[in-house]
Amino acid sequence: MSQKSAQDGGADARGLAFFHDRYDLSDPALERILETALARRVDAADLYFEHTTTDSVSLEEGIVKSGDRHVEQGVGVRAIRGERQGYAHSDDITLDSARLAASTAGAIADASRPHAPVALASRAGARDLYPVALAPTEIPVTQKVAWLGEVDRYARARDPRIQQVMASVVCQYKRMLVAASDGTRVADVLPLVRLNVQVIAADGKRREVGYQGAGGRFDLAQMQDPARWQSLVDEAVRIALLNLEARPCPAGTMDVVLGPGWPGILLHEAIGHGLEGDFNRKRTSAFSDKLGQRVAAPGVTVVDDGTLPARRGSLNVDDEGTPTRRNVLIENGVLTGYMQDRLNAKLMGMEPTGNGRRESYAHLPLPRMTNTFMLAGQDDPEEILRSVRNGLYAVSFGGGQVDITSGKFVFSASEAYRIEDGRIGTPVKGATLIGNGPDVLMRVSRIGHDLALDEGVGTCGKDGQGVPVGVGLPTIRVDALTVGGTEG
Amino acid sequence: MNDDARGQALEAIALQALEAVCKAGASQADVLLVEGDDREVRVRGEEIDFVKQAQGRGLGIRALVAAQGGFQTAIVSTSDLAPQAIERMAHEAVALARETAPDPQAGLPESGLATDRPDLALFDPADQDVPIAARIEDARRAEQAARATDPRITNSEGSQASSGFARIVYASSQDFLGRYASASHGLFSEPIAQDTGGMQRDHWSTTGRRLRDLEDAAAVGREAARRALRRLGARRVATGEVPVLFDSRTAPSLIGQLAACANGYSIYRQSSFLHESMGERIASASVTIIDDGRLPGGLGSKPFDGEGLPTRRNVLVREGRLESWLLDCYSARKLGLASTGSAARGTGSAPRVGTTNLWLEPGEKTLAELIAELDRGLLVTELIGMGFNPTTGDYSRGAAGLWIEGGEIAHAVEEITIAGRMQDMLLGIDRIGSELVWHGRTASPPIRIASMTVAGE
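How each quantity is defined
Residues numbered from 1 in each chain as written. Chains lettered and ligands numbered in written order. Predicted model: local features only at pLDDT ≥ 70, side-chain atom pairs only at ≥ 80, totals over all residues. Helix = DSSP H or I, 4+ residues; strand = E, 2+ residues; numbered from the N terminus. Rg over C-alpha atoms; globule rule 2.2 N^0.38 Å. Buried ≥ 20, exposed ≤ 12 C-beta atoms within 10 Å, placed from the backbone. Contact = placed C-beta atoms within 7 Å. pLDDT = per-residue confidence, 0-100. Pairing = 2+ DSSP bridges. Nonpolar A, V, L, I, M, F, W, Y, C, P; charged D, E, K, R; others polar. Axes fitted to C-alpha atoms, helices over the stretch in contact; angles between N-to-C directions. Left-handed = near helix turned anticlockwise from the far one by under 90°. Arc of directions from axis to C-beta. Parallel < 35°, antiparallel > 145°, perpendicular 65-115°, else oblique. Core = buried A, V, L, I, M, F, W, Y, C linked by C-beta atoms within 7 Å.

Visitor: How would you explain the overall build of chain B if you had to name every residue and give the values?
Guide: The secondary structure content of chain B amounts to nine helices and 20 strands. For chain B, the C-alpha radius of gyration of 24 Å lies close to 23 Å, the compact-globule estimate for 457 residues. In terms of overall dimensions, chain B has C-alpha extents of about 70 × 55 × 35 Å along its principal axes. With 457 residues in all, chain B has 57% of them scored as buried. Pairs at least 24 apart in sequence give 73% of the contacts found in chain B among residues at least 6 apart.

Visitor: Describe the overall build of chain A, listing the residues and the values that go with them.
Guide: Along the backbone of chain A there are 12 helices and 24 strands. In terms of overall size, chain A behaves like a compact globule, its C-alpha atoms giving a radius of gyration of 24 Å where 488 residues would be expected to give roughly 23 Å. Judged by the C-alpha coordinates and their principal axes, chain A covers about 75 × 55 × 35 Å. For chain A, buried positions account for 60% of its 488 residues. Looking at chain A alone, contacts between residues at least 24 apart form 75% of all its contacts between residues at least 6 apart.

Visitor: So what about the confidence of the model for chain A? Which residues, and what values?
Guide: Chain-level statistics for chain A give a pLDDT mean of 92 and a share of 97% at 70 or above. Low confidence marks residues 1–7 of chain A, where pLDDT is under 50. Its contacts with residues over four positions away, or in another chain, come to 10 contacts.

Visitor: How would you explain the pairing of strand E18 (residues 423–429) of chain A if you had to name every residue and give the values?
Guide: Residue and element names in this part refer to chain A. Relative to E18, strand E8 (residues 247–248) is paired through two bridges, and the arrangement is parallel. Each residue of the ladder has a partner; that of Pro248, found in E18, is Lys429. Relative to E18, strand E17 (residues 408–420) is paired through four bridges, and the arrangement is antiparallel. Each bridged residue has a counterpart across the sheet, and for Tyr417 the counterpart in E18 is Pro427. Linking two consecutive strands that pair antiparallel, namely E17 and E18, is a turn of two residues; a positive phi of about 55° is found at Asp421 within it.

Visitor: Go over unusual backbone geometry with me, naming the residues and quoting the values.
Guide: Residue and element names in this part refer to chain A. The residue Asp289 is not glycine, and still its phi comes out positive at about 60°. With respect to the helices and strands, Asp289 occurs in the loop between helix H9 (277–281) and strand E10 (302–305). A positive phi angle, near 70°, is found at Ala310, a position not held by glycine. Its location among the elements puts Ala310 in the loop between E10 and strand E11 (326–331).

Visitor: Could you give an account of the interface of chain A and chain B, with specific residues and numbers?
Guide: With 64 residues of chain A at the contact, the number on the chain B side is 61 residues. It is strand E2 (residues 63–81) of chain A that contributes the most residues to the side of chain A that touches chain B, 12 residues altogether. For the side of chain A that touches chain B, the per-class residue count stands at 18 nonpolar, 32 polar and 14 charged. Note that strand E3 (residues 84–90) of chain A and strand E2 (residues 47–67) of chain B share six bridges and pair parallel.

Visitor: Quick rundown of the packing of helix H3 (residues 132–148) of chain B against helix H4 (residues 217–229) of chain B? Include the residues and the values.
Guide: Residues and elements named next belong to chain B. One can describe the packing of H3 onto H4 by two numbers: an axis separation of 7 Å at closest approach and a directional angle of 35°. In the packing of H3 onto H4, the handedness of the crossing is right-handed. On H4, the residues touching Asp138, Arg141, Ala142, Glu143, Gln144, Ala145 and Ala146 of H3 are Ala217, Ala218, Val220, Gly221, Arg222, Ala224 and Ala225. For the contact of H3 with H4, the per-class residue count stands at eight nonpolar, two polar and four charged.

Visitor: Quick one: what's the story with the sheet that holds strand E9 (residues 289–292) of chain B, residue by residue and with numbers?
Guide: All names here are of chain B. A sheet is described by the order of its strands in space; here five strands give the open sequence E11-E10-E9-E14-E19, paired in mixed fashion. In the strand order of this sheet, the two ends are held by strand E11 (321–322) and strand E19 (442–443), each with one partner. Pairing analysis gives two bridges linking strand E10 (residues 313–318) to E11, with the strands arranged antiparallel. Within E11, the position partnered with Arg318 by the bridge is Arg321.

Visitor: Account for helix H5 (residues 251–260) of chain B, naming residues and giving values.
Guide: Along H5(B), the residues that are buried comprise Ala251(B), Pro252(B), Leu254(B), Ile255(B), Leu258(B) and Ala259(B). Down the axis of H5(B), the sector holding all buried residues measures 155°, keeping them to one side.

Visitor: With reference to specific residues and values, describe the confidence of the model for chain B.
Guide: On average, chain B scores 95 in pLDDT, and the residues at 70 or more come to 99%. Two summary scores accompany this predicted model of the complex, namely pTM at 0.93 and ipTM at 0.92.

Visitor: Break down the packing of helix H1 (residues 5–23) of chain B against helix H2 (residues 83–97) of chain B for me, citing the residues and quoting the values.
Guide: Residue and element names in this part refer to chain B. Two elements in contact, H1 and H2, have axes whose closest approach is 8 Å; the angle formed by their N-to-C orientations is 40°. With respect to H2, the axis of H1 lies oblique. Crossing of H1 over H2 shows right-handed handedness. Residue-level contacts link Gln16, Ala17, Ala20 and Val21 of H1 to Pro83, Ile86, Glu87, Ala90, Ala93 and Val94 of H2. Broken down by class, the residue content of the contact of H1 with H2 amounts to eight nonpolar, one polar and one charged.

Visitor: Account for the pairing of strand E8 (residues 240–246) of chain B, naming residues and giving values.
Guide: Residue and element names in this part refer to chain B. In terms of burial, E8 is largely enclosed, as five of its seven residues are buried. Sheet analysis places E8 next to strand E20 (residues 447–455), joined by six bridges and oriented antiparallel. Residue pairing for E20: Glu241 is matched across the bridge by Thr453. In the sheet, E8 pairs with strand E15 (residues 376–384) via three bridges, with the strands oriented parallel. Considered in E15, the bridge of Leu245 is made with Leu379.

Visitor: Describe the environment of Phe49(A), and please don't skip the residues or the numbers.
Guide: Mapped onto the fold, Phe49(A) is located in strand E1 (residues 44–60). Once the C-alpha coordinates of Phe49(A) and His89(A) are considered, the two residues, 40 residues apart in sequence, prove to be 9.7 Å apart.

Visitor: Lay out the nonpolar core in plain terms, naming residues and giving numbers.
Guide: Membership of the largest hydrophobic core comes to 281 residues, with the highest contact counts inside it found for Leu47(A), Ala394(A), Ala17(B), Val21(B), Ile61(B), Ala63(B) and Ala93(B). Here the element with the most residues in this core is strand E5 (residues 162–180) of chain A; it accounts for 11 residues. Once residues within four sequence positions are removed from consideration, Ala93(B) is found in contact with Val21(B), Ile61(B), Ala63(B), Ala74(B) and Val76(B).

Visitor: Describe the environment of Leu192(A), with residues and values.
Guide: Residues and elements named next belong to chain A. By the element assignment, Leu192 lies in strand E6 (residues 184–203). C-beta crowding within 10 Å serves as the criterion here: with 21 such atoms nearby, Leu192 is assigned to the buried category. Spatially, the C-alpha atoms of Leu192 and Pro468 are 9.2 Å apart, while their sequence positions differ by 276 residues. In this structure, Leu192 is in contact with Gln172, Gly215, Arg217, Arg312 and Pro468, ignoring residues within four places of it in sequence.

Shown next, in the form of structure tokens:
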């Protein structure tokens, strides 16, 4: 990439210049490749070029033992005919390999036919949701090493019971270019940074882990602000020490209060996946054919918004070149929309919603979430807690999973307390929440005014593909949720 | 594929990379080069859903630079195999290593590198000539068989067939150069059953190094359909303590979690609940768990590990007693022990510890017999969520399965969790079934745990 193109223009222009300069991918060249795929009897074709640099530096036992740097590059070519997709990819970005992939992808169709020539035109807006002063992968490793050393010393100084500190900083800089047979041609440049801190606290024979991470699509300098990373380390230490005191979790059905922010993973698992277009087009989702129906209590509004500046789940355009937008999935309790990629939108007679995402050039796009959250309500969070006599207050979670078809979902609390007489009581560990997606939101009885988004660490898995996502939630009360613990 | 020009060409590239990184200033170095050719198809209903084909390769260079107090280490990887790109990467690796801290335990193996190259039956050359149309046909047969099983099979997520071929070359500055070829094939079917109560999905799969090792496609579809059908009418059960049976698809996850807690890295970090338990009784006396990297045709088999040491048979647990950790060179040095030949390695990362073919030794009774002798309890056929904490042993996961009453299946169960402490669960294993079926690199016969907490209504 030339110095000039690095500084000029938006993410689209910078991305285009990168692929043009480095791989000689001019519009006419891209048009010829698309025409190779279209030479068979297919409806549409698209190309996805990617160049991603990832570096990670990890510390344990007080030292940075290793540095990693990984460059991934390649092209994926897709041909579509009806519901049928042909996909071929290569890690060699040359016109020849792209043409070969195009011809392989086109082989899903058994006959050839004449086709109209492809004419590409820029489709990008001027928007750049995540401008950075410096690619995070260009920041010298020396500086990251020194920073992790500070993180380590700071964590250990918090409490003598902290025995182990593991910290890592992962920086990614991705450039992508999409060209499609309908003329779409758009590029993007996506930074992504993340700091992870895990500590182990020991007291006598008991050992517990505390973890906290944060990140997003912004300059690493923001994370390196002491106020920001120190509060993150404080959290990891606090959770580990809290877990030393935690008691086994009760088992059974009880009222649950979810804290703001990361507990939004409930929305992601319980309803988000079930509202992805592919499952609904195939009618394999527990939410199939429920558009316009009540799926949540009055007052519950859930959106998926890929346009939030600098968030981990945000994108200027999705991986098919469709601009992202704010999609209202549930409005005041009624199901109003699905998340769509191009293929499923077309087959369902709907509009693409900017949710066509893929892990890399080696993967087919799928309808996926971006940043999924519930809008704030009116209730005072303190009052919500007081409204529960005996139940569970869950503040932070590890991971979750859902069975789309039966609607059953599960997620595991990493910080939770018993609610005793309307007050936060004993911390409990090992709490797992399980429920039924189509009815869990019907049992939301209070919605707080304290909407918060998560810290920027979520990765969603589907069909073996991981993509960065965000979630958010105000404090809410859910009546009668099953809590899995060991205490009867 | 075994002894071909392409394999030799890859060896030459690996050696070029090794020479470049040593010249650039590495005191020790190793190079891993992987080239793959993968095909994947999915059929859903009457239609092909997708056909995917790909060639890919990856080169990983690890540079170790001698400094006061140990080696400094870095790993750089790319898919660009052009000589100039390799030269540039080699310099980057050394420069990056110089930014890290010297580590006295870092370094390649001092001795014991693999000298033999046993034929582990990792692929059948004839499979390379099988056209993609034949795999589409396999997927179609599985899909049709699943849909034809019962009128209540109304839909599906599809049936998927895959074939992957790989060449792996590993070279290190300890004068090691090794290469092998392998393949893996799979077939997976996921039908949906429906009645007035709602929809239920389930799946069945078969995997193997050779196409002829796979189960018949129609049998895979039928078994997947049978499993989906028996989940219809699922409901919750009352909260309580009951015996829990894990079938041969859910039991392997317990064995895998136990092996992860015997991983040398979690031992020296003291982040495993087992870290002080070597030599102790950690499971009931009927439990013997083995990891063997040289099972012929095994999906985890390989002639040498990620550091060039010979793979071998390690008994992790013998008759309930913890007998071995799983170690690579680094974690072994941290613990003052020797590697168990368990280094796993991808091109983009340093060696870490991994299992190869891991299994629990089978017992006497079939699953049907175990069900028949259970008065009241749960058979778990699916687990969801990630509720296991390796540091404390706390275990709590979402589950679905079948409720057993008086030795017979009473009804399907869903939306429950099962919980316990891994320490108690292992000691509480009171039955081990006789069926050992491999669906991947980890296998286990059915297991019964005397008591776990089931949370439901």
